[in-house]
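Each chain, letter by letter, is given below.
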Amino acid sequence: MSASITVFLLAVPMSLGLAVAMDAPLEAGLISAAVGGIVAGLLGGTPLQVSGPSAGLTVVTAELIQVYGWRTTCAITIGAGLLQILLGSLRAARSALAVSPAIVHGTLAGIGVAIALAQLHIVLGGSPESSAVSNALTLPARLEQVVPAAPLIGGLTVVILVLWPRVPGRPGRIMRRVPAALVSVAVATAVAAFAAPSIARVDLPSWRSHALPEMPQGPVLGLATAVFTMMLVASLESLLAAVAVDKLAADRNSERTADLPEPGSGPTASPPLKRSDLDRELRAQGIANAVSGLLGGLAVSGGAVRSSANVRAGATSRASTVLHGVWVLLATGLLVTALEWIPLAALGALVMVVGIQMVNFAHIRNVHRHREFLVYGATISGVLLFGVLKGVAIGIAAAVAVALHRLARTRITVTEQDGRHLVVIRGQLTFLAVPRLNRTLGQLPQDADVLVELDSFFIDHAAYEMIQDWSNAHAAHGGRVVFAGRSGGRIAEPSSAAHSCCRPWTPWRNHHCHDGPDPAGLAAYAGSTEPAGTITAPDPATGATDSPAPLHPAPLHPGPIPTPPPSDGTDSTGGAGCTGDTDSTNITGAAPGGLSHSGTQHAGTQPPPAPPADYTPDHDAAPARRTGGQRLVSGLSSFQRNTAPLVREELARLAREGQRPSQLFITCADSRLVTSMITASGPGDLFTVRNIGNLVPPPHSERGDDSVGAAIEYAVDVLGVESITICGHSGCGAMNALLGAGPDTPDTPLWRWLRHGVPSLKRMASKRHAWARISGRLPADEVEQLCLTNVVQQLDHLRAHGSVARRLAEGTLQLHGMYFHVAEAQSYLLTEGIGAGHGLDEVFDRVGPSAPYDPYEPAELARTGA
């Protein structure tokens, strides 16, 4: 109730003032205020937004009244409302907010300047001209004819409007409960009643002479343009106000929540409001405009001034908005005599201040900081010189021109320092810059040491391929090329201090990007592992580099999408993966060390050392990392956002055709072992079994494990895999536990499972077997020796399974032993022959990098039949 009265006291003088500014019937302003409050308030998607006659529509409506007359303008208002209903039904509201903020704020600022110039004439005792330019040109002549009464009343109104919200202390807080607009108009009316009885005042005509809409008359194209212009301005103003109201309401609720006492000891905060439904709000604004036009009222839109007053007055629902409309409706019948005492100069001053406030200096600073002031200025100039619709078109043209200029502007400088050539490339690297870039790089000595510093937001395909070709050719002639970002950090240079390369195809690194800010304040490229590099796009405001952007265009190749992300199957403790089509690390966004696939975080790893007795955690030393549950949800969301759209088609195919993996992969449940990553496999490639210690219980043993045996049987007999790999790894906690076991080891489920590794201990101690070793060096310690020996022993267990023995005899199955050194990220394969049981030399050979896959290589073309 109190909020509705506050908004009502603000809306009445504002509505009358806007009607005067538009040269419309004064009662039309009151009608639109009542309709906006009741109709838009009941149906709108922003409960706290207050709608009514719009300052943003002042210039548009005034021009339409002069060109077409009042009754046709009402019909145009109806048409604009119907178009708003259509757009709201098509869910186009969010699209309207996609217009550049520089254009939107420039349009509103231009309208504000035009309003201020027009109302200045009324404050000076005259009447405004038809355009902003005419108002500016005739202002000197108006100053020569000024009569003191009107400017003094207008000046008094402006002074109260400006000073009322700034009264300090407790009296100020009490006084600010009454709107400054009401106080200024009331004081000006009282002063004018005694000091200037002959001043021009509000003249509300009889309702009997109220004009209703008529069928529009005029050129069809002109009328259509008028409808579109009114719809565009009203919609943009309403939607921007709705977004602002959401923010105001959220800020108010957060402040109240922060000030609440303990539960049960005081008042509670107002219930949180739902976020605005912009499409519903747009439809409600359209219905309100159609009704207002039918009743002979002004066009309606959501108003930031009335809405902010509503929020600050404590409104918590749409009831205050609707009640304010009811009070306005009653005022039109009961307060006519009082309203006719208001001087026109006071209303003109009120609307002039509103117009000046539409030129928001905070918006100007933001636009300037984002280097879009040219677009802002062009939009203001277009609105003032040519009207709203043409001004918006000029703003859009200026925005496109600025974007093209930035796209084509590339600065390339070459300097030589200590025998090294430094090439600095700033700006967008597109095909437009390729000739100049090619010429500059071609002039460098072929055997020179070159550092290329890339300071670009975007590199298109043509520029990327040109740089790649030049780099390859330069390296072929004996030169050396290093790519760096603005900070000088090498691109493709790994770093443990930064995790700035979070790509959709490597979701397992994503949680590092959200755990907190870079502790060293690194600005670029460290941590990238892309072949051609990853650059960090600087913030347009500060130049700081925070978010990574790929050096290559996305997608780099115009053909099929890149190989899907690694995938290895669902994991289990001491059991088989369900399929070879899913990967927990990709789906959850987990990192090496982030998920323990057996459900125990440190299973398969050495436990971390205990902290000292006097250790005290420093909670301010680093930002708190997210909990496992938060990380899981974040990883799932990241997968759905970044990776799922890219793999959905491939997974749908696998779902239709079923899984046909070529390998059974038996490995440890250690969370640091991401099998899909180290084998570069994709969905449907691996059927995976993960357990503690990568153990394969012998068949028919006393403590056999049917889940592992079932997985082996299913993979060999049903899926028909072509190979089976047993993979061990460095620092295995299971092997550590085996080495430390004794007669008093408790009989727990973990130890009963680890007894399947006892044969590996015996094999390592036996003199009948040669020690397993790594090619080129001896095992680092007995743990690594046991890890290697365990792979060989589990292969022996695997051969004892009937299905495996049968396929080995048929020659249709291969067995492989593998060892992965976690710290070195290095894979080792057991020497060929041992897997089939033909050799005694148990040596694991290092796997080196191979040449990149080339689909156009002759052997590959022959294989695929292309």
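Up top is the structure.
Residues numbered from 1 in each chain as written. Predicted model: local features only at pLDDT ≥ 70, side-chain atom pairs only at ≥ 80, totals over all residues. Heavy atoms only, no water.

S.K.: Lay out a positive patch on the surface in plain terms, naming residues and giving numbers.
M.R.: A grouping of R170, R173, R176 and R177 is seen on the molecular surface, where their side chains present a positively charged patch. Note that R177 resides in the loop between α10 (169-175) and α11 (180-195). (Patch = residues over 30% accessible without salt bridge, like charges linked within 9 Å, V, L, I, M, F, W, Y side chains within 5 Å. Areas by Shrake-Rupley, 256 points an atom, 1.4 Å probe, with all protein chains shown as cover. Salt bridge = Lys/Arg side-chain N within 4 Å of Asp/Glu carboxyl O. Lys, Arg positive; Asp, Glu negative; His and termini not counted. Charge placed at Lys NZ, Arg CZ, Asp CG, Glu CD. Helix = DSSP H or I, 4+ residues; strand = E, 2+ residues; numbered from the N terminus.)

S.K.: A description of the packing of helix α1 (residues 2-22) against helix α14 (residues 304-312) should follow, citing residues and the corresponding values.
M.R.: Put simply, α1 and α14 touch, their axes get as near as 9 Å, and they point 160° apart. The angle between the axes of α1 and α14 places the two elements in the roughly antiparallel class. Remark: the crossing between α1 and α14 carries right-handed chirality. Two secondary-structure elements touch here, α1 through A3, V7, L10, A11 and M14 and α14 through V305, R306, A309 and N310. Class assignment for the residues of the contact of α1 with α14 results in seven nonpolar, one polar and one charged. (Axes fitted to C-alpha atoms, helices over the stretch in contact; angles between N-to-C directions. Parallel < 35°, antiparallel > 145°, perpendicular 65-115°, else oblique. Left-handed = near helix turned anticlockwise from the far one by under 90°. Contact = heavy atoms within 4.5 Å. Nonpolar A, V, L, I, M, F, W, Y, C, P; charged D, E, K, R; others polar.)

S.K.: Quick one: what's the story with helix α27 (residues 706-718), residue by residue and with numbers?
M.R.: Three- or four-residue spacings in an α-helix give side chains the same orientation, since the helix completes a turn every 3.6 residues. Those residues of α27 lying buried are V708, G709, A711, I712, A715 and V716. Looking down the long axis of α27, one finds its buried residues gathered within 160° of arc, a one-sided arrangement. The exposed set on the far side of α27, more than 90 degrees from its buried face, consists of D706 and V718. (Buried < 20%, exposed > 50% of the residue type's maximum accessible area, 1.4 Å probe, protein only. Arc of directions from axis to C-beta.)

S.K.: Explain the environment of G442 to me, using residue names and the numbers behind them.
M.R.: In this fold, G442 is placed in helix α21 (residues 434-442). Separated by 32 residues in sequence, G442 and H474 place their C-alpha atoms 9.4 Å apart.

S.K.: Summarise the side chain of R306; cite the residues concerned and give the values.
M.R.: Mapped onto the elements of the fold, R306 is located in helix α14. For R306, which is buried and forms no salt bridge, the nearest opposite charge comes from E237, at a distance of 6.9 Å. Other than its neighbours up to four places away in sequence, R306 contacts V7, L10, A11, M14, V50, S51, G52, P53 and S301.

S.K.: Residues and numbers for the sheet that holds strand β5 (residues 449-455), please.
M.R.: Reading across the sheet, the four strands line up as β3-β4-β5-β6 and stay open at both edges, with mixed pairing between neighbours. In this open sheet, the two edge strands, each paired with only one partner strand, are β3 (410-417) and β6 (480-484). Going from strand to strand, the sheet's axes swing by 15° on average, the running direction of each strand aside. Here strand β4 (residues 420-427) runs beside β5; their pairing, made up of seven bridges, is parallel. Of the residues in β5, the one forming a bridge with L422 is L451. Here α21 sits on the sheet and contacts β3 and β4; the angle it forms with β3, its principal contact strand, is near 5°. Strands in contact with helix α22 (residues 461-476) are β5 and β6; relative to β6, the strand with the most contacts, it is inclined by about 145°. (Pairing = 2+ DSSP bridges.)

S.K.: Which residues make up the nonpolar core, and what values go with them?
M.R.: Soluble globular proteins: nonpolar side chains tend toward being buried together. Counting 75 residues, the largest nonpolar core has L16 and I76 as the members making the most contacts within it. Tallying contributions element by element places α1 first for this core, with ten residues. Sequence-distant contacts of I76, defined by excluding residues within four places in its chain, comprise L64, Y68, L223, A226, V227 and M230. Ranked by size, the runner-up nonpolar core spans 42 residues in total, among them L695, V696, A734 and L830. (Core = buried A, V, L, I, M, F, W, Y, C linked by side-chain atoms within 4.5 Å.)

S.K.: Go over the packing of α27 against helix α32 (residues 802-810), please, and point to the residues and values.
M.R.: Remark: α27 packs on α32, axes separated minimally by 9 Å, with the N-to-C direction vectors making an angle of 30°. Judged by the twist between their axes, the crossing of α27 over α32 is left-handed. In this structure, α27 contributes I712, E713, V716 and D717 to the contact, and α32 contributes S803, V804, R806 and R807. Taken together, the residues of the contact of α27 with α32 sort by class into three nonpolar, one polar and four charged.

S.K.: Could you give an account of a nonpolar patch on the surface, naming the residues involved and the relevant values?
M.R.: Taken together, V133, L137, L385, F386 and I394 make up a surface patch of nonpolar side chains, about 480 Å² in accessible area. Elements with a contribution of two residues or more to the nonpolar patch: α7 (132-137) and α19 (373-386). Locating L385 in the fold gives a position in helix α19. Among the residues examined, L385 registers a relative accessible area of 54% and is labelled exposed.

S.K.: So what's going on with the pairing of β5? Which residues, and what values?
M.R.: Taken across its seven residues, β5 has six buried, putting it largely inside the fold. Direction of pairing for β5 relative to β6: parallel, over a ladder of five bridges. Looking at β6, one finds that L451 is bridged to V482.

S.K.: How would you summarise the pattern of salt bridges if you had to cite specific residues and measurements?
M.R.: Inspection of the entire model under this criterion finds 14 salt bridges. In this structure, the salt-bridge partner of D796 is R763, at a minimum N-O distance of 2.7 Å. Remark: R763 occurs in helix α30 (residues 758-765) and D796 occurs in helix α31 (residues 782-799); sequence separation between them is 33 residues. Accessibility expressed as a relative area gives 9% for R763, which makes it buried.

S.K.: So what about the packing of aromatic side chains? Which residues, and what values?
M.R.: On inspection of all chains with the given rule, the structure shows three aromatic pairs. A ring pair is formed by F687 and Y714, whose centres lie 5.9 Å apart and whose planes are at 35°; its orientation type is tilted. Within this pair, whereas F687 is found in strand β11 (residues 686-691), its partner Y714 is found in helix α27, the two being separated by 27 residues in sequence. (Phe/Tyr/Trp six-rings, centres within 6.5 Å; stacked < 30°, edge-to-face > 60°.)

S.K.: I'd like to hear about the environment of T679, residue by residue, with values.
M.R.: Take T679: it is sitting in helix α26 (residues 675-679). Judged by relative accessible area, which is 28%, T679 ranks as partly exposed. Measuring from C-alpha to C-alpha, the distance between T679 and S827 comes to 9.3 Å, with 148 residues separating the pair along the chain. Beyond its immediate chain neighbours, meaning those up to four positions away, T679 contacts F665 and L686. Among the polar contacts made by the side chain of T679, one reaches the main-chain carbonyl oxygen of T675 at a distance of 2.6 Å. Only 3.0 Å separates the side chain of T679 from the side chain of S681, close enough to count as a polar contact. (Polar contact = N/O pair within 3.5 Å; in protein donor to acceptor, adjacent residues only side chain to side chain.)

Interpretation note: all reported values are geometric properties and have no functional meaning in isolation.
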